[in-house]
Amino acid sequence: SVRSLIHSLGIEKLPENLPQRYYAKFEKICRLHKSGAIDQSITDGRTRAIVKERWGLESGVFQTLEEIGGKHGFTRENARLIEAQALLILGIHE
């Protein structure tokens, strides 16, 4: 289950503000994070950081595309495109 998977990653709870419609995608991303596939497959450090920030893999806080864009100095749309490219690399299709 999603809850047991996140506990195995050392995450205490689902990221704050994670909409329920993203639970299935979050579970896939957690599995990839646990296996090391995110670090191995996404070679660009900024893109890897964006995926981890977006899904709260290290902070435990889900971030919106607006928040990520603002933090990195680009638009929400640019953040969406970077995330979409990363998810394709990981084999997660929208």
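## Notes on the side chain of Lys52
Thinking step 1. Structurally, Lys52 can be placed in helix 4 (residues 45-54).
Thinking step 2. Residue class for Lys52 comes out buried when judged on its relative accessible area of 12%.
Thinking step 3. Setting aside residues no more than four positions away along its own chain, Lys52 makes contact with His33, Ile38, Asp39, Leu57 and Glu58.

## Points about helix 2 (residues 23-35)
Thinking step 1. Over its 13 residues, helix 2 extends 18 Å from the first C-alpha to the last, a length consistent with the 18 Å expected when each residue adds 1.5 Å.
Thinking step 2. Every buried residue of helix 2 is accounted for by Lys25, Phe26, Ile29, Cys30, Leu32 and His33. Summarising the axial view, the buried residues of helix 2 lie within an arc of 165°, below the 170-degree limit, and thus occupy one face. Projecting away from the buried face of helix 2 at angles above 90 degrees are the exposed residues Ala24, Lys34 and Ser35.
Thinking step 3. Directly after helix 2, the chain includes Gly36, whose backbone phi takes a positive value near 90°.

## Let's talk about the packing of aromatic side chains
Thinking step 1. The full count for this structure, using the stated rule, is four aromatic pairs.
Thinking step 2. With centroids separated by 5.6 Å and ring planes inclined at 85°, the aromatic side chains of Tyr22 and Trp55 adopt a geometry described as edge-to-face. With Tyr22 in the loop between helix 1 (2-8) and helix 2 and Trp55 in the loop between helix 4 and helix 5 (65-72), this pair connects stretches of sequence that are 33 residues apart. Trp55 carries the same exposure label as Tyr22, and that label is buried.
Thinking step 3. A centroid spacing of 5.7 Å and a plane angle of 35° characterise the contact between Tyr22 and Phe62, whose relative ring orientation is tilted. Of this pair, Tyr22 sits in the loop between helix 1 and helix 2 while Phe62 sits in the loop between helix 4 and helix 5, placing them 40 residues apart in sequence.
Thinking step 4. Taking the relative accessible area as the measure of exposure, Phe62 reaches 5% and is therefore buried.
Thinking step 5. Through successive ring pairs, a cluster of aromatic residues spans Tyr22, Phe26, Trp55 and Phe62.
Thinking step 6. Here Arg21 stacks its cationic end above the ring of Tyr22, 4.7 Å away from the centre of that ring.

## Here we look at the nonpolar core
Thinking step 1. In terms of nonpolar packing, the biggest core is built from 20 residues, with Leu18, Phe26, Ile29, Ile38, Trp55 and Leu57 touching the most fellow members.
Thinking step 2. When residues of this core are assigned to their parent elements, the largest contribution, four residues, is made by helix 2.
Thinking step 3. When sequence neighbours within four positions are dropped, the list of residues in contact with Ile29 reads Ile38, Trp55, Leu57, Leu87 and Ile92.
Thinking step 4. In this structure, Ile50, Phe74, Ala79 and Ile82 belong to the second largest nonpolar core, which totals six residues.

Calculation rules
Residues numbered from 1 in each chain as written. Predicted model: local features only at pLDDT ≥ 70, side-chain atom pairs only at ≥ 80, totals over all residues. Heavy atoms only, no water. Helix = DSSP H or I, 4+ residues; strand = E, 2+ residues; numbered from the N terminus. Buried < 20%, exposed > 50% of the residue type's maximum accessible area, 1.4 Å probe, protein only. Contact = heavy atoms within 4.5 Å. Expected span 1.5 Å × (residues − 1). Arc of directions from axis to C-beta. Phe/Tyr/Trp six-rings, centres within 6.5 Å; stacked < 30°, edge-to-face > 60°. Lys NZ or Arg CZ within 6 Å of the ring centre and 35° of its normal. Core = buried A, V, L, I, M, F, W, Y, C linked by side-chain atoms within 4.5 Å.

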